[in-house]
Amino acid sequence: MSIGDPMIRPDARAKVTGEARYPDDLAPADALHAQVVFSNQPHARMVSMDTTAAAAVPGVVMILTSADVPVNEYGLTMFDQPVFIGLETTGRSRVPADVSRWEADHIALVVAESPEAATAGAEAIEVEWEPLPVVADIEAALTDEVLVHPEHESGSNSYYGLRIRKGDMAHGWEQADVVVEGTYHLPHQEHAYLQPEAGMAYVDEQGRVTVEVPGQWAHEDQEQIAHALDLPPERVRVIYPEIGGAFGGREDMSLQIVLALAARALHERGDSRPVTSRWSREESIVGHHKRHRGIITARLGATREGKITAVEARVHLDAGAYNYTSNKVLGNCHLAVAGAYEVPNAHIDSHAVYTNSTPGGAFRGFGGPQGGFVAETQMNKLAEALGMDPVELRRRNALREGSIGITQTPMPPGVTLPEVIEACSEAAGMDQPLAPEAPDGPFTPFPTLPPEPIAVKRGRGFAAAFKNVGFSYGFPERCEAEIRLHGDDRIERVELFHAGAEVGQGAHTVDLQMAADAVGVPVEMVEGHFSDTATSGDSGSASASRLTWMSGNSILGAAEEAHKAWLEGDRPAVGHFRFVPPPTTTLDPETGEGVPNFTYGYVAQAVEVSVDIETGHITVDRVVSTHDVGRAINRALVEGQIQGGVVQGQGYVLSENLVVENGHILNPRLSGYLIPGIGDIPGRVDSVVLELADPLGPWGARGMAEMPMITYAPAVIAAVHDATGVWFDEFPLTPSRVLAGLEEAAPH
Amino acid sequence: MTLRLPLFEYRTPTSLAEAVAILSDSDGGAVIAGGGTDLFPKMKRRQTTPTTVVSLSAIPELSGIEIDSEGNCRLGASTPVAAVAASELVPAVVAAAAAEIASPQIRNTATLGGNLCLDTRCNYIDMPELWREASGHCLKDGGDTCWVAPRGDRCWAISSTDLAPVVIALNGTLRLVGPRGERETPAEALYRNDGIDYHDRSDDEILTQVMLPPFGGRATYRKLRRRGSIDFPLVGVAAAAHLDDRGTVGSIRLVVGAVASAPLRATAAEEFLVGRQLTDEVIEEAARLASHHVRPQDNTDTGSRYRKWMTPVFVTRALQDLRA
Ligand SMILES: Cc1cc2nc3c(=O)[nH]c(=O)nc-3n(C[C@H](O)[C@H](O)[C@H](O)COP(=O)(O)OP(=O)(O)OC[C@H]3O[C@@H](n4cnc5c(N)ncnc54)[C@H](O)[C@@H]3O)c2cc1C
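Treat the numbers as computed from the prediction; the structure is a model and nothing was measured. (Residues numbered from 1 in each chain as written. Chains lettered and ligands numbered in written order. Predicted model: local features only at pLDDT ≥ 70, side-chain atom pairs only at ≥ 80, totals over all residues.)

A look at the overall build of chain B
Helix and strand content of chain B: 12 helices and 12 strands. For chain B, the C-alpha radius of gyration of 20 Å lies close to 20 Å, the compact-globule estimate for 324 residues. A principal-axis box enclosing the C-alpha atoms of chain B has dimensions of 60 × 50 × 35 Å. The contacts of chain B with a sequence gap of at least 6 include a subset with a gap of at least 24, amounting to 64%. (Helix = DSSP H or I, 4+ residues; strand = E, 2+ residues; numbered from the N terminus. Rg over C-alpha atoms; globule rule 2.2 N^0.38 Å. Contact = placed C-beta atoms within 7 Å.)

Here it is in C-alpha cells:
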C-alpha cells in the first residue's frame, strides 16, 4: 500500500548531491546568452529607441524588440501586457506598447556569444523617454487623475470589482450588541524562491519551438508562448526541468516568451545553438509579481452571545501595472474577508486597482492571507470586546456541514472546520493558562539575542480559516493523466504521463504513490514521465492547493481505463483520462450569489510568542498547525508543507518589508529584504493532521498546501496583543514598528 | 545582470616581506585580502577595482593562536574567524563575539585581520554600480554629497566589525608591518570616526597580530541584530571589568560598536562606574551616559531612531551581564 507511506522522494538524492539539473544548469558550452533589458521606467512614454550601437558591440548576435513579436501581448487571464515596450508593433496587440507602466517592463532581449557581451549590449541600447506621472499606490490610483491603462474598458484604475449583498444590513447592525472595526494595511511579499528565473530554448528535431523553464503550468506557458509567436500550440513545446520553488511566483511569464522568440529567430537564421538566460536575484525580485499589498476596512457585529450578525468590508488590492491573476486573487480575498463563519448579513465591495507599482499576483494563499488576516483579526478583536474565549467564539459561528456560505449557496459537502478548531484547541491546550516559560523546541530562535526574562511578555493567539481547493469562479478546471501497463500475463511495468509541476512540494512523489495504488503495484514499478507538453496532457497548474487532489482523480480515472484496456487484451494497455470536477460559477454582479468553488480545505492555528518589550523583538515559541488533509498521501510531505508554510508566514508577519517608492523597489536583494533564516523560525511547529475524508477527494485527500500561510499572520498578531495589549493593524512587525506601537499605546 | 568580479592579478606571497614588497611596489593599486568576504563583494559592486589582490593565506606565521610566556593571547591575523570562535585559548567573550559574525560559511572563510580591518558600511555605498550611478555617487564613492546627512561634510558609513569593540574592551594591542617596518599600537588607536578615512593605517601596512593581555575580570558582548542566522551588528556593546568581592567596579572598559564610523569608548560612563556597585540605578545612569552622545544615522535597514533607542538598552544588558 503506497498511499499513506511517508516514502522518501525519488528526487531527494539528486537534489541534495547537486546532480539534479535546474534551468540554469542546462545550457551546453556553445549556447548563446540572452539578457532581458528592463525599461526601469515606472511610467513613461517611449520617444525613441536606438539599438545600432548595441548591435555593434562585439559578440552581440541579435537584438529582439517589439518589432519582432507577432502578437505583442500576453497575460494569464487577460492580455493587458506587451511582451516588449516599443514603438514598432504589428498592430495586433490590444494593449498600447509605447508606454512603460512598470520598472520591469521589457524593452529588448540582447542575444550574444557570452553573458558579458549580452550585458554590454544591453547597456548600449539608447532610449529616450517622456516621463508620465507615476501612479505610486492605491490612494493615488483611486483619484483616477492619471490612468495606468487608459485603453481599459472600465475607464478607471479601479478596473475590476466584486460585490456581496446578503441579508439586511440595517437589521444586522440593529441586532449587534458589539461592533468592532479596523482599517488594515497588508504588505507585499516576495516569493524569494531558491532559484531565480532561468531557462533555455531551441527548436527541437520536430521543428517545435522548445522552451525549458521552471513554471507551474506547462500547458498554459505553451499557450501564452504560442499566442505571442502566433503559432498553433502544438508547434510550441514546454519542458520543466527541476524547479527551485515557485509559490505562485512562476504562474506568470518571465523568460518563457522572450526565449521562445529568440530560439525561433535564431533558427530562421540557420543558427541552431540553444539560447539561455537567467536573472540575478535583483532582476528576479524586480522582475516578477508579489503578493498583493492592500487596504481593507472592515466592520463586524455580534450579539452578546457571540453570534455574528453582520460583516461589512471594503477591499482594495494593488494589482500593479498589469492584471496577472489579480482578478482571481481578488475573488479569493473577497470570500476570505467574511471569514469561515455563518454570516447572515453581509455587504462587501472588493476592487483590484492598477498602479505603476510592482504587479500583485499569485502567491501561496492567493488572496486568502489578506482576507483571512482581516477576518481573523476582526474575530479576535470581537472576542476581546465580548470578553469571550476566542475558540468559543469560533465554535459558535464556524461553518459546518450544510451551512449556507457567504455567496448564498450551500457549502460543498465535507465541511470539517468545527473538528479542526477543536483538535487545534485541544493540542494547544487553549483551555489551560499559558505557561510562563516557552516550551522546548528543536530550534532555538535568536540564539545570540537571548531575550531578557524581565523584559519578555508571553502571549497566545488563535486563528482559523478555509481555502478553496482548485480553480474558482467558473474558470475551466480539468486534469489529464495517462497510464500505460506493460507486461504479458501480469503487469510488469507501469508508465505514468503527467504534466503536473514538481516545484519542490513533492508532486511527482505523490503521483507515483497514487498511480501505484490505483494500478495495484508496488511504487518501484511505476515510471513517471512528467511535465513535457509533448508527452502529457494538460494538468492545470501547481497552485490553489489543487494538484494532489486533481492529479489523484485523473490518475484514478486513467488507471481504470488502463485496466479496462488490459482486460480487453491491449498490450501495452493505455488509459487516458481527463478529470473534470463539479462546475463552479462566477458571482452575480449585484448580490454576489454563486457557487465559487467545488471544495475547501480547513485550518486552525494556535501560536505562542515572546515579545521583548525593550527591543521589540518577537520570538515565536510554538505553533500548533492543524489541518484536515482528508488523507495524507505522504505524511512527510504534508508536514513539509506545514513547516514551510509556517516559515513563509513568519517572514510575512514579522520581517519581510518590501520598500516600494514611486514605482521602484528599493530593496531588491536578500540583504535588505529579510526572509527568515534558521535562527528566526519558530522554536517548534506541532503539526496536527486530521484525516476526515473529502467526499470528492482521491482516497479522500484534500488540498492543504496554502492553508498554513492563511492563519499564521492573524494568529501571531493576536498573540502579540495577548502579550502586550496592543493591536497591530499593519505589519510586518519589525522591532521598530513594535516599539513604536507599544510607545503609542503607553507613552513613557 | 549577475554581478561579476572585475579582472585583477591574484598574488599569494609566502612571506611577510614579499607581501610588503608587492604592496609598496604597486603604487596603491594592490589591496590586502584575508578571506575576501568583505573585499570581493565590494569588488563585484565596483566600489573598489584594485589591479592586484594580495592574499595573506600562504604566509604561515600569520595564522594560529597561542599563549605566550607572559600569558598574553596572541592571534595571527589570518586565523579564520571560525577558529577564533572555537578556540579555548582566547577569552570566552572573544569566542562568543566571533561566533556571532555572519554565517557559518562566512566564518570559515573570513579572517580575524579582515574583521578588524573591515571597511565601513552604508546603505548608499554597498550597492551595485548601476544603482549608485542612478542615485548619484556619495562622498565615500567619490561624489560630493553624503546621502545620509546631505548637509554635513563627512561620511557616516558605519563600523560594523563585531570583534573590534571586544578587542578594544580587552585592551588589545595590534602589530602592523609595512615598508617602514613594524609597529605596535593599542587597538583603540587604529580606528577613526570617519567613514572614509576609518583607519590610522597606510594601505601598505599589514595587520599581522592581535595581542590580548591576560584578563581575569568579567566581560561580555551584546549584539543587536535583526536576524538570528546572519546579520551585521546594528548596535554592539562590549564591556570588560574588574569587580571586587562586593561587586564594586575597580576598572571597566565599555565600547559601543556599529553606531558610528568607529567603535566608541564610553569614557564618561566608565568614569562614572568606577567605584560604584552595579545597581539598577547605577546601570541606568551609565547607560544614559554611554548613549546620549551616540547619533546613529539612517543608513541601515532599521532606521536611526530604533538604533538610538536600542543603545541604552544594550548597554544596560551588557552591564547586567557583568553583575551576574
Ligand atoms: C552576508 C555578510 C554578513 C556579514 N556579517 C558580519 C557580521 O555579522 N559581523 C562582522 O563583523 N562582519 C560581518 N561581515 C563582514 C565580513 O565578512 C567579516 O567582517 C569578516 O571577518 C571579514 O574578514 P575577511 O578576512 O573576509 O576580510 P577581507 O574581505 O579579506 O578584508 C576586509 C578588509 O580588510 C582588509 N584587510 C584584510 N586583512 C587585512 C590585514 N591583515 N591587514 C590589513 N588589512 C587587511 C582588506 O583589504 C579589506 O579592506 C559580513 C559579510 C557578509 C558578506
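Quick look at the domain arrangement of chain A
Residues and elements named next belong to chain A. Considered domain by domain, chain A is made up of domain 1 (17–133 + 196–287) and domain 2 (294–471 + 589–745). Contacts between domain 1 and domain 2 engage 20 residues on the former and 23 residues on the latter. For the side of domain 1 that touches domain 2, a count of residues per class yields 7 nonpolar, 6 polar and 7 charged. (Domains from an automatic or database assignment. Nonpolar A, V, L, I, M, F, W, Y, C, P; charged D, E, K, R; others polar.)

Quick notes on the nonpolar core
With 321 residues, the main nonpolar core has V110, A262 and A515 of chain A together with A239 of chain B as its most contacted residues. Considering each element in turn, this core owes the most residues, 12 residues, to helix 16 (residues 707–724) of chain A. In terms of domain composition, this core takes at least three residues from each of domain 1 (17–133 + 196–287) and domain 2 (294–471 + 589–745) of chain A. In this view, V110 of chain A contacts A34, Q35, V37, A54, V60, I63, A118, G121 and A122 of chain A; residues no more than four positions away in its chain are not counted. Counting 6 residues, the second largest nonpolar core, distinct from the first, contains L658, V660, Y673 and L674 of chain A. (Core = buried A, V, L, I, M, F, W, Y, C linked by C-beta atoms within 7 Å. Buried ≥ 20, exposed ≤ 12 C-beta atoms within 10 Å, placed from the backbone.)

Quick look at the confidence of the model for chain B
Residue-level pLDDT values for chain B average 94, and 99% of them are 70 or greater. The ipTM, which scores confidence in the relative placement of chains, is 0.92 for this predicted complex, and the corresponding pTM is 0.96. (pLDDT = per-residue confidence, 0-100.)

Observations regarding the sheet that holds strand 7 (residues 181–186) of chain B
All names here are of chain B. Spatially, 4-5-8-6-7 is the arrangement adopted by the 5 strands of the open sheet, whose pairing is antiparallel. Each edge of the open sheet is held by one strand with a lone partner, namely strand 4 (65–67) and strand 7. Pairs of neighbouring strands in the sheet enclose a mean axial angle of 20°, with direction left out of account. Sheet topology places strand 6 (residues 173–178) next to strand 7; 6 bridges connect them, and they run antiparallel. Opposite V177, over in strand 7, you have E182 as the bridge partner. Its contacts with the sheet place helix 1 (residues 16–25) against strand 6 and strand 8 (206–212), and it is angled at close to 130° to strand 8. (Pairing = 2+ DSSP bridges. Axes fitted to C-alpha atoms, helices over the stretch in contact; angles between N-to-C directions.)

Looking at the site of the ligand
All names here are of chain B. Neighbouring the ligand are 32 residues; G34, G35, G113, G114 and N115 lie closest to it. Elements with a contribution of two residues or more to the shell around the ligand: strand 2 (30–33), helix 2 (39–44), helix 6 (112–116) and strand 8. Among the residues making up the shell around the ligand, the classes are represented as 18 nonpolar, 10 polar and 4 charged. (Near = placed C-beta within 6 Å.)

Some points on the interface of chain B and chain A
Contact residues are listed per partner, giving 20 residues for chain B and 22 residues for chain A. Broken down by element, the residue count for the side of chain B that touches chain A peaks at 6 residues, all from helix 12 (residues 304–323) of chain B. Per-class residue counts for the side of chain B that touches chain A are 7 nonpolar, 5 polar and 8 charged.

Notes on unusual backbone geometry
Residues and elements named next belong to chain A. Each neighbour pair has its own omega, and for R571 with P572 the value is -10°, a cis peptide bond. Its location among the elements puts P572 in the loop between helix 14 (547–567) and strand 20 (573–579). Cis peptide bonds are those with omega within 30 degrees of zero, and the linkage from F731 to P732 qualifies with 10°. By the element assignment, P732 lies in the loop between helix 16 and helix 17 (735–745). Positive phi, close to 50°, is recorded for S545, a residue that is not glycine.

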